[in-house]
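# What the coordinates show
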Amino acid sequence: MTKNSPLIKIKIQNEDFDVSVETKMLQQTNTGAIVNFVGIVRGYDEKNDQIIDSMTLEHYPGMTESEIEKIIVESYKKWELTGITVIHRVGDLKPSDQIVFVGVSSKHRQNAFNGCNFIMDWLKTKAPFWKVEEKNNKKNWVSFNESDNQALKKWEK
Amino acid sequence: MTKNSPLIKIKIQNEDFDVSVETKMLQQTNTGAIVNFVGIVRGYDEKNDQIIDSMTLEHYPGMTESEIEKIIVESYKKWELTGITVIHRVGDLKPSDQIVFVGVSSKHRQNAFNGCNFIMDWLKTKAPFWKVEEKNNKKNWVSFNESDNQALKKWEK
Amino acid sequence: MIIKYFSWIKEHIGKSEEQIELPDHIKNVNELINYLNEIDEKYNLILDKKELIKIAVNKTYSSFDTNINDNDEIAFFPPVTGG
Amino acid sequence: MIIKYFSWIKEHIGKSEEQIELPDHIKNVNELINYLNEIDEKYNLILDKKELIKIAVNKTYSSFDTNINDNDEIAFFPPVTGG
């Protein structure tokens, strides 16, 4: 299994993505269920009660891709998936922009739900991306959310 | 809450749907996560080892919509969703056609995953739709899958 | 009273819906189906598959002992298979 | 050896990457960071936040006691916040 296999797509990019196009690409022979996750840049920081004006995402070229590939290998083992696509945007983003797409296809729906959910939980805790938010012309690196570590634990069984 | 609320959309239709358009419509202020389920008509009946040529879906106009509305009211109570769309196609469909769309948006991803999964489990067991498959010019009403009742039980806690 | 049939029940009964005048002494779905069965034994199917068959009265899930009257719409259908 | 810094570590150190010649006696990440700290106390940050900071050696998650040599690429970064 490689990144170039028709079943797998990993993209780190500045550009936006089209959910319909990605959904169609996930359809393989005998796919019965596709579950897509789309992350949206929120315009409001609840913890600090502040409006977010914009956001910049940086990553670690090379390592980010290889970590996502590990997630995907792990997901293939756990759930019988027929396709996986992970697209993560980097660079400057604005509130309400699409930031991440995780799409998985499988024969049956429960595996598709679990596979997609598992990849998102892993992405949130292991994939090297860092967000810096701009609020009132001040930059603020987003801090890690401990609840994401907790989320990952539900798969340890 | 009514079917016409901007947050809620229920459609029973012959036409196909566009996943990108539906995803964009689910985006409300402060939406951080959108989870979409897309069901695909499978071209192969594993149980009976047969190719499926086509499929027809019938429903109970009026009751189907009101049952889906019940699902949605239940989902709003359980998970803090910011938008729910259910589109179910009826009439003649071919293998690899999109058959059902369930999209939910919420602030946080776990609620979006659970809400979407819950609606699908409920739809599979309560929404009045019946599939008849055509195989070698023979019509065959699809039988209910007991595992769908089991799937619904995971929410009883 | 309107009675609707769906899926393979519809095919067995030979129609998707019919209108009947509900006799006064018929009080619930169970009595209705026994009454229909006296008229034509094709309705046997519903009795035979009682464990399986779903009932809606006025488009709401109901049961064989749900009370009915002549203004109601009754539906008989097998377990659902959408999604 | 290439050393990379990300997020607020990069901003504190003042660069995203630097090339150094690894002295022979430096055997692991822990010794590297102590060595850097002797040259410039700004590397203190990494020691101060040791519990928090993640380490990659050749783009693979590693730890402070991972062995290193002069051909390696080392990265220091905070917990990830993508998705």
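Before reading further, recall that the structure is shown in the block above.
Since the structure is predicted, the reported quantities are computational estimates derived from the model, not experimental observations. (Residues numbered from 1 in each chain as written. Chains lettered and ligands numbered in written order. Predicted model: local features only at pLDDT ≥ 70, side-chain atom pairs only at ≥ 80, totals over all residues. Heavy atoms only, no water.)

### Some words on the overall build of chain C
The number of helices and strands found in chain C is three helices and five strands. Listed N to C, the secondary structure of chain C is β-α-β-α-α-β-β-β in terms of helices and strands. Taking 83 residues into account, the globule formula puts the C-alpha radius of gyration at 12 Å, and chain C, at 12 Å, falls close to it. Dimensions of chain C, computed from the C-alpha atoms along their principal axes, are close to 40 × 25 × 20 Å. Out of the 83 residues belonging to chain C, those deemed buried represent 47%. Nonlocal contacts in chain C, meaning residues at least 24 apart in sequence, comprise 52% of its contacts between residues at least 6 apart. Of the roughly 4200 Å² of accessible surface on chain C, 41% is carried by carbon and sulfur atoms. For chain C, the separation between the mean place of its 9 positive charges and that of its 15 negative charges on side chains is 6 Å. (Helix = DSSP H or I, 4+ residues; strand = E, 2+ residues; numbered from the N terminus. Rg over C-alpha atoms; globule rule 2.2 N^0.38 Å. Buried < 20%, exposed > 50% of the residue type's maximum accessible area, 1.4 Å probe, protein only. Contact = heavy atoms within 4.5 Å. Areas by Shrake-Rupley, 256 points an atom, 1.4 Å probe, with all protein chains shown as cover. Lys, Arg positive; Asp, Glu negative; His and termini not counted. Charge placed at Lys NZ, Arg CZ, Asp CG, Glu CD.)

### Quick word on the packing of helix α3 (residues 109-126) of chain A against helix α3 (residues 109-126) of chain B
Helix packing geometry: the angle between the two helix axes and the distance between the axes. Relative to each other, α3 of chain A and α3 of chain B sit at 180 degrees, their axes nearing to 11 Å. Here α3 of chain A lies roughly antiparallel to α3 of chain B, going by the angle between them. Residue-level inspection shows Arg109, Gln110, Phe113, Cys116, Asn117, Met120, Asp121 and Lys124 of chain A of α3 of chain A in contact with α3 of chain B, the latter providing Arg109, Gln110, Phe113, Cys116, Asn117, Met120, Asp121 and Lys124 of chain B. By residue class, the composition of the contact of α3 of chain A with α3 of chain B is six nonpolar, four polar and six charged. (Axes fitted to C-alpha atoms, helices over the stretch in contact; angles between N-to-C directions. Parallel < 35°, antiparallel > 145°, perpendicular 65-115°, else oblique. Nonpolar A, V, L, I, M, F, W, Y, C, P; charged D, E, K, R; others polar.)

### Brief notes about the interface of chain B and chain A
Listed per partner, the contact involves 35 residues of chain B and 35 residues of chain A. Between chain B and chain A, the buried area comes to about 3000 Å², and carbon and sulfur atoms account for 44% of it. By the criterion of area lost to chain A, the three top residues of chain B are Arg42, Arg109 and Phe113 of chain B, representing 23% of everything that side buries. Taken together, the links from chain B to chain A amount to six salt bridges. Asp148 of chain B serves as the salt-bridge partner of Arg109 of chain A, at 2.9 Å between the closest nitrogen and oxygen. Counting the contacts that link chain B with chain A gives 22 residue pairs in polar contact (both at pLDDT 80 or more). Those elements that place two or more of their residues in the side of chain B that touches chain A are α1 (19-25), β2 (33-40), α3 and α4 (146-153) of chain B. Broken down by class, the residue content of the side of chain B that touches chain A amounts to twelve nonpolar, 13 polar and ten charged. (Buried area = accessible area lost by both parts, 1.4 Å probe. Salt bridge = Lys/Arg side-chain N within 4 Å of Asp/Glu carboxyl O. Polar contact = N/O pair within 3.5 Å; in protein donor to acceptor, adjacent residues only side chain to side chain.)

### Let's talk about the pairing of strand β5 (residues 73-77) of chain D
Residues and elements named next belong to chain D. Burial runs high along β5: five of the five residues are buried. Bridge count for strand β1 (residues 2-5) against β5 is four bridges, and the pairing is parallel. When the bridges of β5 are listed, Tyr5 appears paired with Phe76. Relative to β5, strand β3 (residues 54-57) runs antiparallel, the two being bridged by four bridges. From the neighbouring strand, Val57 faces β5, where its bridge partner is Ile74. (Pairing = 2+ DSSP bridges.)

### A few points about the interface of chain A and chain D
Contacts between chain A and chain D engage 27 residues on the former and 19 residues on the latter. When the buried surface of chain A facing chain D is broken down by residue, Tyr60, Trp130 and Trp141 of chain A rank first, second and third, together holding 37% of it. For the interface between chain A and chain D, the tally reads one salt bridge. A salt bridge links Glu58 of chain A to Lys10 of chain D; the shortest N-O distance between them is 2.4 Å. Inspection of the region where chain A meets chain D yields eleven residue pairs in polar contact (both at pLDDT 80 or more). Examining the composition of the side of chain A that touches chain D, we find that five residues originate from one element, α3 of chain A, more than from any other. For the side of chain A that touches chain D, the class distribution of residues is 15 nonpolar, six polar and six charged.

### What about the arrangement of the chains?
Contacts between protein chains span three pairs of chains, and they are most numerous for chains A and B. The smallest C-alpha distance separating chain A from chain C is 10 Å, and no contact links them. Separated without contact, chain B and chain D have their nearest C-alpha atoms at a distance of 10 Å.

### Looking at the relation of the copies chain B and chain A
The two copies are related by a screw motion: chain B maps onto chain A through a turn of 180 degrees and a shift of 0.0 Å along the axis, at an RMSD of 0.0 Å. One copy is carried onto the other by what is essentially a two-fold rotation axis. Mapped onto chain A, 100% of the interface residues of chain B are again interface residues, and the two copies thus contact each other with one and the same surface. (Least-squares fit on C-alpha atoms with pLDDT ≥ 70 in both.)

### Description of the sheet that holds strand β4 (residues 60-62) of chain C
Residue and element names in this part refer to chain C. The mixed open sheet is built from five strands, whose spatial order is β2-β1-β5-β3-β4. Edge positions in the open sheet fall to β2 (17-19) and β4, since each of these has one partner strand only. Here the average twist between neighbouring strands, direction ignored, is 25 degrees. Note that strand β3 (residues 54-57) and β4 share three bridges and pair antiparallel. Looking at the pairing, Ala56 lines up with Tyr61 of β4.

### Quick notes on the pattern of salt bridges
Throughout the structure, instances matching the rule amount to 28 salt bridges over all chains. For Lys135 of chain B, the salt bridge is made with Glu133 of chain B, and the minimal N-O distance between the two is 3.4 Å. Each member of the pair Lys135 of chain B and Glu133 of chain B is classed as buried. Salt bridges here are not isolated pairs; linked through shared partners, they connect Arg109 of chain A together with Asp121, Asp148 and Lys154 of chain B.

### Remarks on the side chain of Ser20 of chain B
Within the secondary structure layout, Ser20 of chain B lies in helix α1. In this view, Ser20 of chain B contacts Asp18, Val19 and Ser20 of chain A; residues no more than four positions away in its chain are not counted.

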